[in-house]
Amino acid sequence: MQILSKIKQPFWILVFLVGCCAMLLLISQLWFSYHLNKTPSLPHAFFAVHKASQPVIGEYAAIEWKGGGGYQQGDVFIKILGGVSGDTIEVRNRSVLINGQKLAEAKSHSLADAPLQIIAAGTIPAGQVFVYTPHKDSFDSRYQMFGLVDEQQIIGKAYGFF
(Lines give C-alpha, C1' and ligand atoms only; values in the text may rest on other atoms or scores of the structure.)
Protein backbone atom coordinates (compact mmCIF):
# COMPACT_ATOMS: atom_id res chain seq x y z
CA MET A 1 0.00 0.00 0.00
CA GLN A 2 2.88 2.34 0.79
CA ILE A 3 4.40 1.70 -2.66
CA LEU A 4 1.14 2.82 -4.36
CA SER A 5 1.09 6.10 -2.44
CA LYS A 6 4.68 6.81 -3.51
CA ILE A 7 3.76 6.18 -7.13
CA LYS A 8 0.71 8.44 -6.92
CA GLN A 9 2.62 11.40 -5.45
CA PRO A 10 4.73 12.16 -8.58
CA PHE A 11 1.63 11.70 -10.72
CA TRP A 12 -0.33 14.31 -8.75
CA ILE A 13 2.62 16.70 -8.81
CA LEU A 14 2.70 16.35 -12.61
CA VAL A 15 -1.09 16.88 -12.81
CA PHE A 16 -0.75 20.00 -10.64
CA LEU A 17 2.07 21.42 -12.79
CA VAL A 18 0.24 20.75 -16.05
CA GLY A 19 -2.89 22.36 -14.58
CA CYS A 20 -0.91 25.44 -13.52
CA CYS A 21 0.61 25.78 -17.00
CA ALA A 22 -2.81 25.43 -18.64
CA MET A 23 -4.26 28.08 -16.30
CA LEU A 24 -1.39 30.48 -17.06
CA LEU A 25 -1.88 29.95 -20.78
CA LEU A 26 -5.60 30.69 -20.50
CA ILE A 27 -5.06 33.82 -18.40
CA SER A 28 -2.26 35.05 -20.68
CA GLN A 29 -4.69 35.10 -23.62
CA LEU A 30 -6.08 38.35 -22.21
CA TRP A 31 -2.82 40.03 -23.29
CA PHE A 32 -1.30 37.58 -25.79
CA SER A 33 -2.35 35.46 -28.74
CA TYR A 34 -0.29 32.54 -30.04
CA HIS A 35 0.39 31.67 -33.67
CA LEU A 36 2.32 29.16 -35.76
CA ASN A 37 4.27 30.34 -38.78
CA LYS A 38 3.20 28.00 -41.59
CA THR A 39 6.01 28.93 -43.99
CA PRO A 40 9.83 29.02 -43.88
CA SER A 41 9.84 32.81 -44.35
CA LEU A 42 11.00 33.50 -40.78
CA PRO A 43 13.48 31.70 -38.51
CA HIS A 44 10.83 30.99 -35.84
CA ALA A 45 7.88 28.62 -36.00
CA PHE A 46 5.95 29.80 -32.92
CA PHE A 47 5.03 33.38 -32.06
CA ALA A 48 3.47 35.06 -29.04
CA VAL A 49 1.76 38.33 -29.95
CA HIS A 50 1.45 41.05 -27.32
CA LYS A 51 -1.87 42.63 -28.24
CA ALA A 52 -1.31 45.87 -26.29
CA SER A 53 2.12 46.58 -27.80
CA GLN A 54 2.68 48.12 -31.22
CA PRO A 55 5.83 47.15 -33.12
CA VAL A 56 8.40 49.66 -34.32
CA ILE A 57 10.48 49.44 -37.49
CA GLY A 58 12.59 46.28 -37.53
CA GLU A 59 10.36 44.36 -35.09
CA TYR A 60 7.94 41.52 -35.79
CA ALA A 61 4.34 42.58 -36.36
CA ALA A 62 1.32 40.28 -36.37
CA ILE A 63 -1.26 41.37 -38.91
CA GLU A 64 -4.75 40.18 -39.67
CA TRP A 65 -4.95 39.42 -43.38
CA LYS A 66 -7.68 41.13 -45.43
CA GLY A 67 -8.01 38.10 -47.72
CA GLY A 68 -6.73 37.15 -51.17
CA GLY A 69 -3.68 35.54 -52.71
CA GLY A 70 -4.82 32.07 -51.66
CA TYR A 71 -5.17 33.05 -47.99
CA GLN A 72 -8.38 33.45 -46.00
CA GLN A 73 -9.57 36.74 -44.56
CA GLY A 74 -8.57 36.83 -40.88
CA ASP A 75 -5.46 34.65 -41.28
CA VAL A 76 -2.61 35.96 -39.14
CA PHE A 77 0.70 36.79 -40.80
CA ILE A 78 3.89 37.57 -38.93
CA LYS A 79 6.09 40.05 -40.80
CA ILE A 80 8.78 42.61 -40.06
CA LEU A 81 7.66 46.23 -39.92
CA GLY A 82 9.74 47.89 -42.63
CA GLY A 83 8.17 51.28 -43.21
CA VAL A 84 5.58 53.64 -41.74
CA SER A 85 3.58 56.60 -43.04
CA GLY A 86 5.80 59.26 -44.56
CA ASP A 87 8.56 56.79 -45.51
CA THR A 88 9.62 56.60 -49.17
CA ILE A 89 9.31 53.43 -51.25
CA GLU A 90 11.80 53.12 -54.10
CA VAL A 91 11.95 50.39 -56.72
CA ARG A 92 15.24 49.75 -58.56
CA ASN A 93 14.86 46.95 -61.07
CA ARG A 94 13.20 44.44 -58.68
CA SER A 95 14.82 45.69 -55.47
CA VAL A 96 12.48 47.37 -52.99
CA LEU A 97 13.98 50.09 -50.81
CA ILE A 98 12.49 52.07 -47.93
CA ASN A 99 14.15 55.45 -47.33
CA GLY A 100 17.09 54.30 -49.50
CA GLN A 101 17.62 51.03 -47.55
CA LYS A 102 17.17 47.80 -49.53
CA LEU A 103 14.70 45.52 -47.76
CA ALA A 104 13.80 42.88 -50.31
CA GLU A 105 14.12 41.63 -53.84
CA ALA A 106 10.84 41.03 -55.68
CA LYS A 107 10.41 37.97 -57.87
CA SER A 108 8.77 38.16 -61.27
CA HIS A 109 6.69 34.98 -60.75
CA SER A 110 5.22 33.10 -57.78
CA LEU A 111 6.04 29.49 -56.92
CA ALA A 112 2.90 28.60 -58.92
CA ASP A 113 4.39 30.52 -61.90
CA ALA A 114 1.83 33.34 -61.69
CA PRO A 115 3.19 36.79 -62.62
CA LEU A 116 3.86 39.07 -59.63
CA GLN A 117 3.44 42.83 -59.89
CA ILE A 118 5.85 44.83 -57.76
CA ILE A 119 4.62 47.59 -55.45
CA ALA A 120 4.67 51.10 -56.91
CA ALA A 121 7.25 53.65 -55.78
CA GLY A 122 5.98 56.52 -53.65
CA THR A 123 5.36 57.69 -50.11
CA ILE A 124 3.61 55.46 -47.59
CA PRO A 125 0.31 57.23 -46.81
CA ALA A 126 -0.97 58.01 -43.33
CA GLY A 127 -2.50 54.99 -41.59
CA GLN A 128 -0.54 52.41 -43.58
CA VAL A 129 2.69 50.43 -43.13
CA PHE A 130 5.07 48.34 -45.24
CA VAL A 131 5.74 44.81 -43.94
CA TYR A 132 8.12 42.16 -45.26
CA THR A 133 10.43 39.28 -44.50
CA PRO A 134 13.85 38.83 -46.10
CA HIS A 135 12.90 35.37 -47.45
CA LYS A 136 12.92 35.23 -51.25
CA ASP A 137 9.49 33.56 -51.41
CA SER A 138 7.74 35.76 -48.85
CA PHE A 139 4.30 37.11 -49.73
CA ASP A 140 4.45 40.66 -48.40
CA SER A 141 4.20 44.39 -49.16
CA ARG A 142 6.77 44.21 -51.96
CA TYR A 143 3.94 42.90 -54.18
CA GLN A 144 0.86 44.80 -55.32
CA MET A 145 -1.43 41.89 -54.45
CA PHE A 146 -0.38 42.13 -50.78
CA GLY A 147 0.23 45.87 -50.76
CA LEU A 148 0.58 48.19 -47.82
CA VAL A 149 -1.15 47.19 -44.59
CA ASP A 150 -3.67 49.35 -42.75
CA GLU A 151 -2.52 50.12 -39.20
CA GLN A 152 -5.85 48.71 -37.98
CA GLN A 153 -4.78 45.28 -39.29
CA ILE A 154 -1.86 45.18 -36.84
CA ILE A 155 -2.76 42.88 -33.94
CA GLY A 156 0.39 43.64 -31.96
CA LYS A 157 4.11 43.09 -31.53
CA ALA A 158 5.18 39.49 -32.12
CA TYR A 159 7.90 37.54 -30.32
CA GLY A 160 9.43 34.51 -31.99
CA PHE A 161 10.15 31.24 -30.20
CA PHE A 162 11.68 28.05 -31.58
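Predicted, not measured: the structure shown is a model, and the values here were computed from it.

(A) Representation of the packing of aromatic side chains. This structure, assessed with the given rule, holds twelve aromatic pairs. Ring centres 6.3 Å apart and planes at 50 degrees place the aromatic pair F46 and F161 in the tilted group. A residue pair is termed long-range when its members are at least 10 positions apart, and F46 in strand β2 (residues 46-50) and F161 in strand β11 (residues 154-161) qualify at 115 residues. Residue classification places F161 among the partly exposed residues on the basis of a relative accessible area of 38%. Ring pairing ties together the aromatic residues W65, Y71, F77, F139 and F146, which thus form one cluster. Here the basic side chain of K79 rests over the ring of F77, its NZ or CZ set 5.4 Å away from the ring centre.

(B) Fine view of the sheet that holds strand β7 (residues 101-105). Here we have four strands laid out as an open sheet, ordered β7-β6-β5-β8, and antiparallel in their pairing. The sheet is open, and its two borders are formed by β7 and β8 (122-123), each paired with just one other strand. Examined bridge by bridge, strand β6 (residues 95-98) and β7 share four bridges and lie antiparallel to one another. Its bridge partner being in β7, S95 is matched across the sheet by E105.

Here is what the cut-offs are and how they apply
Residues numbered from 1 in each chain as written. Predicted model: local features only at pLDDT ≥ 70, side-chain atom pairs only at ≥ 80, totals over all residues. Heavy atoms only, no water. Phe/Tyr/Trp six-rings, centres within 6.5 Å; stacked < 30°, edge-to-face > 60°. Helix = DSSP H or I, 4+ residues; strand = E, 2+ residues; numbered from the N terminus. Buried < 20%, exposed > 50% of the residue type's maximum accessible area, 1.4 Å probe, protein only. Lys NZ or Arg CZ within 6 Å of the ring centre and 35° of its normal. Pairing = 2+ DSSP bridges.

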